[in-house]
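Next come the chains, spelled out residue by residue.
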Amino acid sequence: MHRSLILFTFPFIYLFVCSFRVRKILHFPSELIDFLRSRDHHTQFSLGHKQMLPDPPLSLTLFESDLYICCLIAEQQRYFEVLHHSLTFLMFGNQCSISACNCVMYYSAGSYKSRVAMDQDMVNMFAIAAGTLAIPLLLFMASFMLWPSSLIKVYYWYWRRTLGLQVRYADCGGYRFCYSHRGKPGLRPSILMLHDFSAHKDTWLPMVKYLPKHLHLLCVDMPGHEGTTRTSTDDYSIQGQVKRIRQFVEAIRLNRKPFHLVGTSMGGTVAGVYAACHPSDLYSLTLICPAGLKNQNETKFDCRMHDVEHSQYTLNIPLIPSTPEEMEEMLKLCSHVRFRVPQQILQGLVDVRIPHNDFYHEVFMEIMSENSKYALHEHMQQITTPLQVIWGKQDQVVDVSGAAVLAEALPHCRVDLLENCGHSVVMERPRQTAKLILDFIISQQNTESASTKKKS
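Computed from a predicted structure; not experimentally measured.

About the cut-offs
Residues numbered from 1 in each chain as written. Predicted model: local features only at pLDDT ≥ 70, side-chain atom pairs only at ≥ 80, totals over all residues. Heavy atoms only, no water. Helix = DSSP H or I, 4+ residues; strand = E, 2+ residues; numbered from the N terminus. Buried < 20%, exposed > 50% of the residue type's maximum accessible area, 1.4 Å probe, protein only. Areas by Shrake-Rupley, 256 points an atom, 1.4 Å probe, with all protein chains shown as cover. Pairing = 2+ DSSP bridges. Axes fitted to C-alpha atoms, helices over the stretch in contact; angles between N-to-C directions. Contact = heavy atoms within 4.5 Å. Salt bridge = Lys/Arg side-chain N within 4 Å of Asp/Glu carboxyl O. Parallel < 35°, antiparallel > 145°, perpendicular 65-115°, else oblique. Nonpolar A, V, L, I, M, F, W, Y, C, P; charged D, E, K, R; others polar. Core = buried A, V, L, I, M, F, W, Y, C linked by side-chain atoms within 4.5 Å. Expected span 1.5 Å × (residues − 1). pLDDT = per-residue confidence, 0-100. Phe/Tyr/Trp six-rings, centres within 6.5 Å; stacked < 30°, edge-to-face > 60°. Lys NZ or Arg CZ within 6 Å of the ring centre and 35° of its normal. Right-handed = clockwise from strand over helix to strand, strands pointing away.

A tally of regular secondary structure across the chain gives 18 helices and eight strands. In the chain, which comprises 456 residues, the proportion classed as buried is 44%. Of the roughly 24,300 Å² of accessible surface on the chain, a fraction of 57% belongs to carbon and sulfur atoms.

Structure follows, in structure tokens:
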């Protein structure tokens, strides 16, 4: 169990233990029970003061009525008031119960001291519990207000641990890849996921949540991103990134058995070109809103990029925010679903990105160059791997008409268009995306099994 979870649940465990102690204090002494059992009266009686204690049921014997009064007194918080009225009506009522009177007096002998001790214990208990709860709460509030970027990193770390993902590194001749993985190769093909521009491996966490735990999953940081090596001399064009991903696949020997490759946006372009260049490595392929196609329609992002180009890049690129306001605009651009993100979280997201913005600008200019801008369009005819295309119908970054372009070039590909979904498919529709990918893999295995049976 995580230390943070233990720290959070400790006060509640403490409260439970203390409440158990309180219940134990209220249990009747065995001497009192034995005393009452020694009475053999069977006369029924009624406690006259109905405002303080309710009448015992008429069916009770005298002994049972005595126990009934004890229970009522034991549960009362106003001990002296209850004691006063109980003694008055028991001693001077018409239907007097001597054993009940003795019972009240016997039980009340130590009630004052017990009550005072119990009250003191309760005060101490709540003081300690409040202090224990206040410490992590104050730490959380301080992190939220002063270091939101650190809070975001802790959030991703906790989510990875919760989903069972482990972070590993793969070295390839001085170049190091950072990736997270879960599970081991099995009956289903392994799944390698390539994230979007300026993102990281944790982009896939919302979708990983809905994938079976027995699947072998790998989420890699793209070249130069997050924990993967970044050099000024590296080639960040689409072809250059394909070569690096191939290095990673060979380094961890993932291609010993054909695997399923998934890519979104820029990662989708890289995945498509990878499939065209290394078809023997792949079992199947899923492209999510891939860039690099000559789409029929322009998007909101295309219009903004025209303005940026006309300004000779004096205006900020919409996908490289440097203020919370620009971050909010980017989220609106990439997502059809409107997420209410607090200002502090927006600031934290910006703080995480700002140290890398110069690198993101370099990569963006590289993938928008003539050699990379339509890389997927130029290679799509060479894709022979079973292909699935997933696209949000309200995509404002890469127009959904790209799905029709791929379907026309590759008639056997499967196209899934998602209603009320934008460019950030993995974030907006994680459960549906996971199901579509898994269904596609299973259908390919079933088709393969059927064709194998026919041949035999």
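Read on, since the account is not over.
On to the sheet that holds strand β8 (residues 414-418), then. In space, the eight strands of this open sheet follow the order β1-β2-β4-β3-β5-β6-β7-β8, with mixed pairing throughout. Looking at strand neighbours, the two that pair on one side only are β1 (166-172) and β8, the edges of this open sheet. Strand-to-strand, the axes of this sheet are offset by a mean angle of 20 degrees, without reference to chain direction. Along the sheet, helix α16 (residues 401-409) contacts β6 (282-288), β7 (387-392) and β8; its crossing angle with β7, the most-contacted strand, is approximately 165 degrees.

Enumeration according to the criterion identifies nine salt bridges in this entry. The salt bridge partner of D234 is R244, with a shortest N-O separation of 3.2 Å. Placement of D234 in the loop between β4 (217-220) and α9 (238-251) and of R244 in helix α9 is noted, with a sequence separation of ten residues between them. Exposure remark for D234: the relative accessible area of 14% places this residue in the buried category. D281 is the partner of R246 in a salt bridge, and the nearest nitrogen-oxygen pair spans 2.1 Å. Here the residue R246 occupies a position in helix α9, and D281 occupies one in the loop between α10 (266-277) and β6, the gap between them amounting to 35 residues.

Take the environment of V273 next. By the element assignment, V273 lies in helix α10. Sequence separation between V273 and I238 is 35 residues, and the spatial gap between their C-alpha atoms is 7.9 Å.

This part takes up the packing of α9 against α10. The packing of two helices is summarised by the inter-axis angle and the distance between the axes. Here α9 crosses α10 at 70 degrees, and the two axes come no closer than 9 Å. The angle between α9 and α10 places the two elements in the roughly perpendicular class. Taken together, the residues of α10 that come into contact with α9 (itself represented by I238, Q239, Q241, V242, I245, R246 and V249) are M266, T269, V270, V273, Y274 and C277. Tallied by class, the residues present in the contact of α9 with α10 amount to nine nonpolar, three polar and one charged.

Attention shifts here to the nonpolar core. In this structure, L192, M193, L194, F197, W204, I245 and L261 are the most contacted members of the largest nonpolar core, which totals 89 residues. If one sorts the elements of this core by residue count, α10 sits on top with seven residues. Non-local contacts of F197, meaning those with residues more than four positions away in its chain, are made with H225, M266, L319, I320, Y360, V363, F364 and I367.

In this model, α9 (14 residues) spans 20 Å end to end at C-alpha, consistent with the 20 Å of a helix rising 1.5 Å per residue. When α9 is considered as a whole, its buried residues turn out to be I238, G240, Q241, V242, R244, I245, F248 and V249. A positive phi of about 55 degrees marks R253, the residue just after α9.

To continue, consider the packing of helix α12 (residues 324-334) against helix α13 (residues 343-353). Closest axis-to-axis distance for the α12/α13 pair is 9 Å, and the angle between their directions is 95 degrees. Taken together, α12 and α13 sit at an angle that is classed as roughly perpendicular. In this structure, α12 contributes P324, E325, M327, E328, M330 and L331 to the contact, and α13 contributes Q343, L346, Q347, L349, V350 and R353. Considering only residue class, the contact of α12 with α13 consists of seven nonpolar, two polar and three charged.

Here we take up the confidence of the model for the chain. Of the residues in the chain, 68% have a pLDDT of 70 or more, and the chain-wide mean is 79. Segment residues 1-53: pLDDT under 50, and 88 contacts once partners within four positions in sequence are set aside and those in other chains are kept. Confidence drops under a pLDDT of 50 for residues 75-113, and excluding neighbours within four residues, the segment shows 70 contacts in the predicted structure.

Tallied over the entire structure, the rule returns eleven aromatic pairs. A centroid spacing of 5.7 Å and a plane angle of 55 degrees characterise the contact between Y155 and Y156, whose relative ring orientation is tilted. Relative accessible area serves as the criterion here: at 22%, Y156 is assigned to the partly exposed category. Aromatic side chains Y236 and F359 sit 5.1 Å apart centroid to centroid with 80 degrees between the ring planes, which places their arrangement in the edge-to-face category. One end of the pair, Y236, is in the loop between β4 and α9; the other, F359, is in helix α14 (residues 357-367), with 123 residues separating them in the sequence. Directly above the ring of F359 sits R230, whose terminal nitrogen or CZ lies 4.0 Å from the centroid.

Looking now at the environment of F440. When you line up the elements, F440 lands in helix α18 (residues 430-455). In the structure, F440 is positioned 155 residues away from L285 in sequence and 9.4 Å away in space, judged by C-alpha atoms.

So, about the pairing of β1. Bridging between β1 and strand β2 (residues 175-182) involves seven bridges; their strand directions are antiparallel. Within β2, the residue paired with C172 across the bridge is Y175. Linking β1 back to β2 in an antiparallel pair, the connection comprises two residues, with G173 at a positive phi of about 60 degrees.

Of all the seven residues making up β6, seven are buried; the element is thus mostly covered by neighbouring parts of the structure. Of the strand pairs in this sheet, strand β5 (residues 259-264) and β6 are connected by six bridges, and their pairing is parallel. Across the sheet, residue V262 finds its bridge partner in β6, namely T286. Each parallel crossover has a hand, and for β5 linked through α10 to β6 it is right-handed.

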